[in-house]
Amino acid sequence: MPMQTVRTHPIDGQKPGTSGLRKKTAVFKRPHYLENYVQSIFDGIGGVEGKTLVVGGDGRFFNDDAIQIILNMAAANDAAKCIVGQRGILSTPAVSHLIRLRRADGGLILSASHNPGGPNADFGLKYNGPNGGPATEAVTDKIFKRTTKIEIYKITASCGVDIDNLGTRNHEGMEVEVVDPVEDYAALMETIFDFDKIRALFASGFSMRFDAMHAVTGPYAHAILERKLGAAKGTVMNGTPSPDFGGGHPDPNPIWAKELMDVMYGAGAPDFGAASDGDGDRNMVVGRGAYVTPSDSLAVLCAKAHLAPGYKDGLAGVARSMPTSRAVDRVAASLGIDCFETPTGWKFFGNLLDAGKVTLCGEESAGTGSDHVREKDGLWAVLLWLNILAETKQSVADLMADLWKAHGRCYYSRHDYEDVDSDKANAMIEALRAKLPSLAGTAIAGLTVETADEFAYDDPVDGSHSAGQGLRIAFEGGARAVFRLSGTGTEGATIRIYLEQLETAADKLHMQPEEALGSVLDAALTVSDLSAKTGRVEPDVIT
Ligand code: G6P
Ligand code: ZN
C-alpha cells in the first residue's frame, strides 16, 4: 500500500491537559483531528523512525479504529515496531510496564480514564515516554507547539492489521506484535507480592468484591484475583469491558461505584471491597462498612508496605500531590523518610521515582503507585492491601483505627462543582488569588488563617519550575482548604475544593467527616465567595 502525505491545517484546542488530550469522542472523530494529534506527538518527540512503541487502550468506543489509524501512521513514519495489546486492550499501568520491560521508546495510551465512554461521551490519547511514565511538561509543550504549526501528516492507505490474534506480523514494513494484555503485568505483580500468603487468606474464607466497572481491569482481575489467587468466582463484578462501560461512569469513588458501596455497607458484606477506573490506574478501597479515603489509603500503605516482599527493605521516600491530605506526611515523619509534595498529575512523580528518591506515591484522586511502573496502578494497590491484610489479619476498619490512633486523623473531603461557566470559574480563582497575600492572620468564619499561597513546584531532580498549581489556605488548628480548576474535564470548568482537618484527640477520631469538616467548609465558601461568583449553591459531587 502506498504511503500518503496528507496536507492538513492546525486544529485549535489540541493542548494536552493533566493527562493527555481529552475531548468528546465526536471531536476526535472529526476529519484529521486524531491524525493531526498523532503526527504532532511523533514530531514532538523527534520522530519515530526506527523506534518501538507500545499501543493500547481501555477498550472504549473508537479504541479499535483509532489504533488502526495510529498503526498506519506509525508505519508511514517509519517506526520499526508497535507492540499492541490483543484487541487493542491494555490498562494504563500495563502499558507503562510493557514500555519498561521491552525497553520501548514510548507508548500511546487511548483512554479518557474515568470519564464515560461512547459516541456521545469522551475519548483521549496520551503519550508516555521511555521511562514508562506520562510525558513531562517539556515534552507535552513540544507536542502542543506542533499542533499549532502542523501542515502534513503521514499515513499508509492500509485497511487494517489483525490485532485480534496473538503473534507478530508485518504491517507495511513495520512489525506489529500483538501481546496478551494481562500476562506480563500479572507476572510483575507476582514478583512484588506474596501470592501464597494471599492465596491462603482467600482459602481461609476471606471474602472480597472487586468492581471493574465494565472497564479494562475486568480481564486482569479475573486472571489475578480469581484464577491465580483463588478468590471465589463472582469476586469480580462488572468484569467484562464494554465500549461505553455499561453506560456508567467508570470512576471508583463512593458516588460512581455505588453498586459496590451498597454491597460493602449491606447485610452480609464481604471483608474487603475495591474498584478501579476506565483504564485501570485508579483504585478505591473499602472495608466492611468502612470506606477508606485515597489519602488515608496512601498513609496506610506507606506505614505497612514493608509487609510485602517487594518493599521489605522499606521505602526510599514517598510523594503526594499537593491537594492530597497530609496524613502520609505524618507517617513518613515517623518512619524518618522524605515526603515530597508535587503538583496534581502523575507526571510529576516520574523524576522522583527515576531518581530513586521515592518508592511510593499517591493522590487524592484515587491514584496510588510505586516504582514498579511509572503510572498509578489500581490493581497493584488492591494487591498491596491484600498482602497487608494477609500479614496483619486485621480488618480494614481496625487498620484505619490504628493509623488514626498513631498519627491522628486527617479528615478529608473534596467538593466538585462541575460544568461551571469557564469565565466565572476563572474569575473566582483570580479574585481569591489576589486576596491570598493579605489573608495570613485574619479570621474567616471563625478560623484563623495561618498561611495562604499559590502552590508552585521546583522539581528537585531536573530543576524545572511549575507555577500556578492551586491555591492553598492553611488555618490554625490543622485545617486546610485548597482550590484548583480540574485539568481533565471536557466541558466548561470544574472547580475542586479540597478540605482537610487534622484531629489528634482520642475522642475525636471517629466522627462523621462532614461534621469534622464543617468549619473549614464554611471558611472555604466564605473566602472564595463561590456561590455569588458562580451562581452555584451545592457541589455536584462530594467524595
Ligand atoms: C488524572 C491524572 C492524575 C490527576 C488527576 C487530576 O487522573 O492522571 O494524576 O490527579 O487527573 O485530575 P483533575 O481533574 O483534578 O485535574
Ligand atoms: Zn485512569
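Residues numbered from 1 in each chain as written. Chains lettered and ligands numbered in written order. Predicted model: local features only at pLDDT ≥ 70, side-chain atom pairs only at ≥ 80, totals over all residues.

- The name given to the protein chain in an unreviewed UniProt entry is phosphoglucomutase (alpha-D-glucose-1,6-bisphosphate-dependent), and the organism recorded there is Litoreibacter ascidiaceicola.
- Comment text from UniProt for the protein chain, heading Cofactor (unreviewed entry), reads "Mg(2+)".
- Entered under Sequence similarities (unreviewed entry) in the UniProt record, the comment concerning the protein chain runs "Belongs to the phosphohexose mutase family." (UniProt positions renumbered as here; feature names shortened; annotations may be inferred.)

Here's the deal with the sheet that holds strand β5 (residues 106-110)
Consideration 1: The strand order across the open sheet formed by seven strands is β2-β6-β5-β3-β4-β9-β8, and the pairing between neighbours is mixed. The sheet is open, and its two borders are formed by β2 (21-24) and β8 (167-171), each paired with just one other strand. Averaged over all neighbouring strand pairs, the angle between strand axes comes to 20 degrees, with direction disregarded.
Consideration 2: Where strand β3 (residues 52-57) lies against strand β4 (residues 81-89), five bridges are found, and the strand directions are parallel. Across the sheet, residue Val55 finds its bridge partner in β4, namely Val84. (Pairing = 2+ DSSP bridges. Helix = DSSP H or I, 4+ residues; strand = E, 2+ residues; numbered from the N terminus. Axes fitted to C-alpha atoms, helices over the stretch in contact; angles between N-to-C directions.)

Quick notes on the sheet that holds strand β13 (residues 283-287)
Consideration 1: The mixed open sheet is built from five strands, whose spatial order is β11-β10-β12-β13-β14. In this open sheet, the two strands that pair with only one neighbour each are β11 (236-237) and β14 (290-292).
Consideration 2: Sheet analysis places β13 next to β14, joined by three bridges and oriented antiparallel. Following the sheet pairing, Val285 is matched in β14 by Val292.

Some details on the domain arrangement of the protein chain
Consideration 1: When cut into domains, the protein chain gives domain 1 (3-181), domain 2 (185-407) and domain 3 (409-542).
Consideration 2: A straight line from the C-alpha centre of domain 2 to that of domain 3 covers 26 Å.
Consideration 3: Residue-level contacts link 18 residues of domain 2 with 19 residues of domain 3.
Consideration 4: Elements supplying a minimum of two residues to the side of domain 2 that touches domain 3: α12 (350-354) and α14 (396-407).
Consideration 5: Among the residues forming the side of domain 2 that touches domain 3, the class breakdown is nine nonpolar, six polar and three charged. (Domains from an automatic or database assignment. Contact = placed C-beta atoms within 7 Å. Nonpolar A, V, L, I, M, F, W, Y, C, P; charged D, E, K, R; others polar.)

Points about the packing of helix α10 (residues 294-304) against α14
Consideration 1: One way to put it is that α10 packs onto α14 with a least axis distance of 10 Å and a crossing angle of 85 degrees. Relative to α14, α10 is oriented roughly perpendicular. From α10, Asp296, Ala299, Val300 and Ala303 reach across to α14, where they touch Leu399, Met400 and Leu403. (Parallel < 35°, antiparallel > 145°, perpendicular 65-115°, else oblique.)

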